[in-house]
Amino acid sequence: MSSLVRFGGRLAVRLRSLTRPQAVVLMAILALCLGVWAAAATGHQGLAVSLVAVLLLGVLLGILHLSRWIGGVYRANQTANREMRTVVEQLQRRVVATVEKERLSAGDRHQDLTRTITRGLRQSGHGTDLLLRAQSREIEAMFQLFQQFTPRAPMPSSGDFALNPTDLLDLLHLVRLREPRLVVELGSGTSSVWLGYALEQYGGKLISLDHDADYARKTRAMLAAHGLNAVVEVREAPLRELTATGKTYQWYDTQALDDLTGVDLLLVDGPPAATGPDARYPALSVLEKRLASTATVVLDDANRQDERDAVLRWTQEVPGLTEEQRLLGRHAVLSYSRTGAPVSV
Ligand SMILES: C[S@@+](CC[C@H](N)C(=O)[O-])C[C@H]1O[C@@H](n2cnc3c(N)ncnc32)[C@H](O)[C@@H]1O
């Protein structure tokens, strides 16, 4: 009973899902069946046979229509399959082309990377080589410095903020050759101690300026440890605004220089570059009038652009100032002659 109910339910669902033409055909078949049954029951044999013939014709036409419809679906399927195959083939070709392109560009990138790494290795090898050679030069210079002077206390280290041994060696050589009586140093430190020993030996005095109270104290303590207080005086000169050739700089308080005249050797090693651009340029604007009629100016760190520019401007702006050739270190040496007469070197 329940299976009959289920069947009835399914049938009802199917009947509801029929399209309008399908429903019309079904109604027509049912009507014909009913007609056949009624004609047979009422003894109208001829009508019953005719209706059966119509029914058979309808079924035949239905089968014909169905076979044509199935043929159409089959052909449409085949066309869709062919199109699908074409799309898949095109996709395959595109994927293969993309993979090939990526493979080639990865190959190129790999080659570029290999070249860069090779170049880097070569350069770092070259850099190491240069560093080793520079180190040997500094060690040779250090040996020569200690051969010339015998310090009375451990010497502070050179390099970094302090003058390198090669620069110190050349500076002390200048002191020995030119025997300056008054030396002014802008930026105190290790160089003050070495200069102190040289001036003690060859005669002369050093006035060293420092903008930083702590560094000034440290340098004074080092000089005391080496017994050089009589030869070197460290003056604290905080940075102040100073205008030189139309521009404002942070430079040493010029009051610290007020009593100085006849400076034979000027060492420009401050203010530090971090205090502003062209930090050391004002040195000659302030100190030219305090130089002796012939004097020497030494500028450290002349390998840097700001210092190279300062040398160029000084030689253009200060009459009688010319740059000398140097073989050692990174400093520049300039000779000054107020009268314009050549300086004997
Ligand atoms: C280039 S340093 C002077 C160095 C000095 N002429 C020498 O050769 O030892 C210029 C100024 O930097 C400051 N200074 C020195 N050593 C420093 C350091 N290690 N770090 C930061 N500033 C330093 C001091 O005030 C010094 O006057």
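(A) Structural detail: the UniProt feature "transmembrane region" (unreviewed entry) in the protein. Sites flagged by UniProt as "transmembrane region" (unreviewed entry) map to residues 48-66. Counted over residues 48-66, helix gives 100% and strand 0%. Its end C-alpha atoms are 27 Å apart.

(B) Representation of the site of the ligand within the structure. In the region of the ligand, 15 residues are neighbours, and L163, G187, T190, D210 and D269 sit closest. Within the backbone of G187, one N or O atom sits 2.8 Å away from a nitrogen atom of the ligand. Contacts to the ligand include S191, whose side-chain N or O atom sits 2.9 Å from a nitrogen atom. Among the residues making up the shell around the ligand, the classes are represented as 5 nonpolar, 6 polar and 4 charged.

(C) Main features of the pattern of salt bridges. The full count for this structure, using the stated rule, is 23 salt bridges. The salt bridge partner of D259 is R235, with a shortest N-O separation of 2.9 Å. Here D259 is found in the loop between β5 (247-252) and β6 (263-268), whereas its partner R235 is found in strand β3 (residues 232-236), with 24 residues between them in sequence. In this structure R235 comes out as buried when scored by relative accessible area, which is 14%.

(D) Geometry of the side chain of R290. Looking at the element boundaries, R290 is found in the loop between α7 (282-287) and β7 (291-299). At a separation of 3.1 Å, a polar atom in the side chain of R290 contacts the main-chain carbonyl oxygen of D258.

(E) Looking closely at the nonpolar core. L186, W251, L266, V297 and W314 are the most contacted members of the largest nonpolar core, which has 35 residues in total. Residues L145, L171, L172 and L265 belong to the second largest nonpolar core, which totals 30 residues.

(F) Representation of the packing of aromatic side chains within the structure. Applying the stated rule across the entire model yields 5 aromatic pairs. Aromatic side chains F149 and W194 sit 6.3 Å apart centroid to centroid with 65 degrees between the ring planes, which places their arrangement in the edge-to-face category. You can see F149 sitting in the loop between α3 (45-148) and α4 (165-178) and its partner W194 sitting in helix α5 (residues 190-202), a full 45 residues away along the chain. When its relative accessible area of 3% is taken as the criterion, F149 is described as buried. Centroid distance W251 to Y252: 5.3 Å. Interplanar angle 80 degrees. Geometry classified as edge-to-face.

Scoring rules and cut-offs
Residues numbered from 1 in each chain as written. Predicted model: local features only at pLDDT ≥ 70, side-chain atom pairs only at ≥ 80, totals over all residues. Heavy atoms only, no water. UniProt positions renumbered as here; feature names shortened; annotations may be inferred. Helix = DSSP H or I, 4+ residues; strand = E, 2+ residues; numbered from the N terminus. Near = heavy atom within 4 Å. Polar contact = N/O pair within 3.5 Å; in protein donor to acceptor, adjacent residues only side chain to side chain. Nonpolar A, V, L, I, M, F, W, Y, C, P; charged D, E, K, R; others polar. Salt bridge = Lys/Arg side-chain N within 4 Å of Asp/Glu carboxyl O. Buried < 20%, exposed > 50% of the residue type's maximum accessible area, 1.4 Å probe, protein only. Core = buried A, V, L, I, M, F, W, Y, C linked by side-chain atoms within 4.5 Å. Phe/Tyr/Trp six-rings, centres within 6.5 Å; stacked < 30°, edge-to-face > 60°.

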